Amino acid sequence: MPPDASLILVLNSGSSSLKFAVQDTAQRTPLLSGLAERLGNTQSTINFKDAQGKRTEPLPGGDHAAALDAVLAELAGRSWLGALAAVGHRVVHGAERFTSSALITPTVIADIEACNELAPLHNPPALVGIRIALARLPDIPHVAVLDTAFHQTMAPEAYLYAVPMALYREHGVRRYGFHGTSHRFVALEAVAQLGLDSADHGLVTAHLGNGASATAVQDGRSVDTSMGLTPLEGLVMGTRSGDIDAGAVLHLMRTAGYDTVGMDALLNKQSGLLGLSELSNDCRELEAAAAAGHAGAKLALEVFAHRLARYIGGLAMSLRRLDAVVFTGGIGENSPLVRAMTVARLRPLGLVLDEAANERFIRGADGVITTAGSTPCAAVIATNEEWMIARDTAELAHRGPTPSKAH
Ligand code: ADP
């Protein structure tokens, strides 16, 4: 039974989903978590997962409000509602308006709304979730935790594109970076687990899930990252292309009949591992197919590892020195193959794989996967974005509002 007012409800609202977790910040594992899917559809469902197991219930025609009501009913059934201290909301884009997490006020809502144009698929559903949660739980603090905030420490030389400066000034065209909560979490963990100096270290963190990005972290601050104005730039991802010559985009629009809608779908939904392999966006499936001799699957994994190693090498040059490369996310935490293919390409940086350790650290087990003499080292560290959101939320809820312009 949780102690009084010690629980944080973490919400992540997508366009047709609501992911949630109930965290006691003293513990890394959520007490309860789950996902409402296919919202707005007759097939919508919600699942609840705790230490006892997982159960799924239908939520026919349910929208975000119905999903949150189902979560709150579950909490009431466990007599946990009174123990809720605050709600933490994951928000994708905060542009230059947020340099850290922020207690939600009408001004903060307006600031998130002002970023809608930069993240049309992500910010509007987050705002739906925030508004519904504020209406249902008006008496406890709500906090916004932004994916971009961690990267606001980048210098102009790292975040500017070489296009006319008017585009930056008038349209906010610059690199923002994403997955900030995950990069921040694993960077903090790396310092603790590898015994690094918190005020003097250099890391490249690679978050490899369906979306993927890598970040250079100097002394706890992001100094460079692979994603840009949107989460499309950088690494090869499940269905996103990552880097592509803008000239190729123009060429296809001129000669192959793509308009902006078609190009958006091509680069975001039909590319990446899926486009290369002509088989699947799922790394696990590609590994199995490659092992069975599928040439496309093998090629897709090679391009993925090549691009990743090239980015890690490049990002290292944004650091004062490199202590460790950190792998996280579904692929980073679970794929010894991708890690081995990547580390093999990092030999010029001095990394040498410990094959046995690389096979051992999977399914949430953290550890160093390079040989004892290898400097820098490579490590696997399982991410925990929900806990990080809960920790920020608890801190801000406890501290109360700060009357500053920059959040
Ligand atoms: P999301 O970005 O949606 O949160 P995840 O972080 O869960 O995604 O990562 C999903 C990716 O992790 C998928 O490509 C999946 O195939 C991959 N993955 C999960 N387990 C394994 C595994 N055992 N081996 C290889 N890849 C894995």
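Structure: above.
Attention now goes to the site of the ligand. Near the ligand the following residues occur: Gly-209, Asn-210, Gly-211, Asp-282, Cys-283, Arg-284, Glu-287, Gly-329, Gly-330, Ile-331, Asn-334 and Ser-335. At 2.7 Å, a side-chain N or O of Asp-282 approaches an oxygen atom of the ligand. Between Ile-331 and the ligand, the recorded distance is 3.3 Å, taken from a backbone N or O atom to an oxygen atom. Protein chains bury 69% of the 580 Å² of accessible surface belonging to the ligand in isolation. Those elements that place two or more of their residues in the shell around the ligand are α10 (283-291) and α12 (329-334). Of all the elements, α12 adds the most residues to the shell around the ligand, at 4 residues. A class-by-class count of the residues in the shell around the ligand yields 2 nonpolar, 7 polar and 3 charged.

What follows deals with the pairing of strand β4 (residues 45-50). Strand direction decides the pairing type here: strand β3 (residues 32-37) and β4, joined by 6 bridges, are antiparallel. The residue of β4 that forms the bridge with Ala-36 is Ile-46.

We now examine the sheet that holds strand β13 (residues 367-368). Strand order in this open sheet of 6 strands is β11-β10-β9-β12-β14-β13, and the pairing throughout is mixed. Two strands bound the open sheet, and with one partner strand each, they are β11 (221-225) and β13. Inspection of the sheet shows β13 paired to strand β14 (residues 377-380) by 2 bridges, in the antiparallel sense. Within β14, the residue paired with Val-368 across the bridge is Ala-379.

Let us look at the packing of aromatic side chains. Throughout the structure, instances matching the rule amount to 3 aromatic pairs. Note on Tyr-159 and Tyr-168: the rings are 5.9 Å apart at their centroids and 45° apart in plane angle, and the pair reads as tilted. Arranged with centres 5.9 Å apart and planes meeting at 70°, the rings of Phe-185 and Trp-387 form a pair that is edge-to-face. Of this pair, Phe-185 sits in helix α6 (residues 180-194) while Trp-387 is found in helix α15 (residues 385-399), placing the two residues 202 residues apart along the sequence. The burial state of Phe-185 is the same as that of Trp-387; both residues are buried. Stacked on the ring of Trp-387, the Lys or Arg Arg-28 has its end atom at 4.1 Å from the ring centre. The residue whose ring lies beneath Arg-78 is Trp-80, and the NZ or CZ to ring-centre distance is 5.1 Å.

So, about the pairing of strand β2 (residues 18-24). Burial runs high along β2: 6 of the 7 residues are buried. The pairing of strand β1 (residues 7-13) with β2 spans 7 bridges and is antiparallel. For Asn-12, the partnering residue across the bridge sits in β2 and is Lys-19. Between β1 and β2, which pair antiparallel and follow one another directly, the connecting turn spans 4 residues. As paired elements, β2 and β3 share 5 bridges and run antiparallel to each other. Paired with Ala-21 across the two strands is Ser-33, which belongs to β3.

Here we take up the nonpolar core. Core analysis: the biggest nonpolar cluster contains 43 residues, and Leu-208, Phe-304, Leu-308, Val-325 and Phe-327 have the highest contact counts within it. Among the elements of the structure, β9 (202-208), β10 (212-218), α10, α11 (295-316), β12 (324-328), α13 (336-345) and β14 are those that each provide at least two residues to this core. Counting residues per element, this core draws most heavily on α11, at 11 residues. In contact with Phe-327, not counting residues within four places along its chain, are Ala-206, Leu-208, Leu-308, Gly-332, Arg-339, Thr-342, Val-343, Ile-369, Ala-378, Ala-379, Val-380 and Ile-381. Counting 27 residues, the second-largest nonpolar core is a separate cluster that includes Leu-7, Ile-46, Val-87 and Ile-132.

Between helix α2 (residues 106-114) and helix α3 (residues 123-136), the least distance of the axes is 9 Å, while the angle of their chain directions is 160°. Regarding the angle of α2 to α3, the classification is roughly antiparallel. Crossing handedness for the pair α2 and α3: left-handed. Residue-level contacts link Ile-109, Ile-112 and Glu-113 of α2 to Asn-123, Leu-127, Ile-130, Arg-131 and Leu-134 of α3. Residue composition of the contact of α2 with α3, by class: 5 nonpolar, 1 polar and 2 charged.

This part takes up the sheet that holds β2. Strand order in this open sheet of 8 strands is β5-β4-β3-β2-β1-β6-β8-β7, and the pairing throughout is mixed. Each end of this open sheet is capped by a strand with a single partner; those strands are β5 (53-58) and β7 (102-103). Pairing geometry for β4 and β5, over 6 bridges, is antiparallel. Looking at the pairing, Phe-48 lines up with Arg-55 of β5.

Looking at the secondary structure, you find Asp-224 in strand β11. You can call Asp-224 buried: its relative accessible area is 14%. A distance of 2.7 Å separates a polar atom in the side chain of Asp-224 from a polar atom in the side chain of Ser-318. Aside from chain neighbours lying at most four places away, what touches Asp-224 is Met-154, Ala-158, Arg-175, Ala-214, Thr-215, Ala-216, Leu-315 and Ser-318.

Conventions and cut-offs
- Residues numbered from 1 in each chain as written.
- Predicted model: local features only at pLDDT ≥ 70, side-chain atom pairs only at ≥ 80, totals over all residues.
- Heavy atoms only, no water.
- Near = heavy atom within 4 Å.
- Polar contact = N/O pair within 3.5 Å; in protein donor to acceptor, adjacent residues only side chain to side chain.
- Areas by Shrake-Rupley, 256 points an atom, 1.4 Å probe, with all protein chains shown as cover.
- Helix = DSSP H or I, 4+ residues; strand = E, 2+ residues; numbered from the N terminus.
- Nonpolar A, V, L, I, M, F, W, Y, C, P; charged D, E, K, R; others polar.
- Pairing = 2+ DSSP bridges.
- Phe/Tyr/Trp six-rings, centres within 6.5 Å; stacked < 30°, edge-to-face > 60°.
- Buried < 20%, exposed > 50% of the residue type's maximum accessible area, 1.4 Å probe, protein only.
- Lys NZ or Arg CZ within 6 Å of the ring centre and 35° of its normal.
- Core = buried A, V, L, I, M, F, W, Y, C linked by side-chain atoms within 4.5 Å.
- Contact = heavy atoms within 4.5 Å.
- Axes fitted to C-alpha atoms, helices over the stretch in contact; angles between N-to-C directions.
- Parallel < 35°, antiparallel > 145°, perpendicular 65-115°, else oblique.
- Left-handed = near helix turned anticlockwise from the far one by under 90°.

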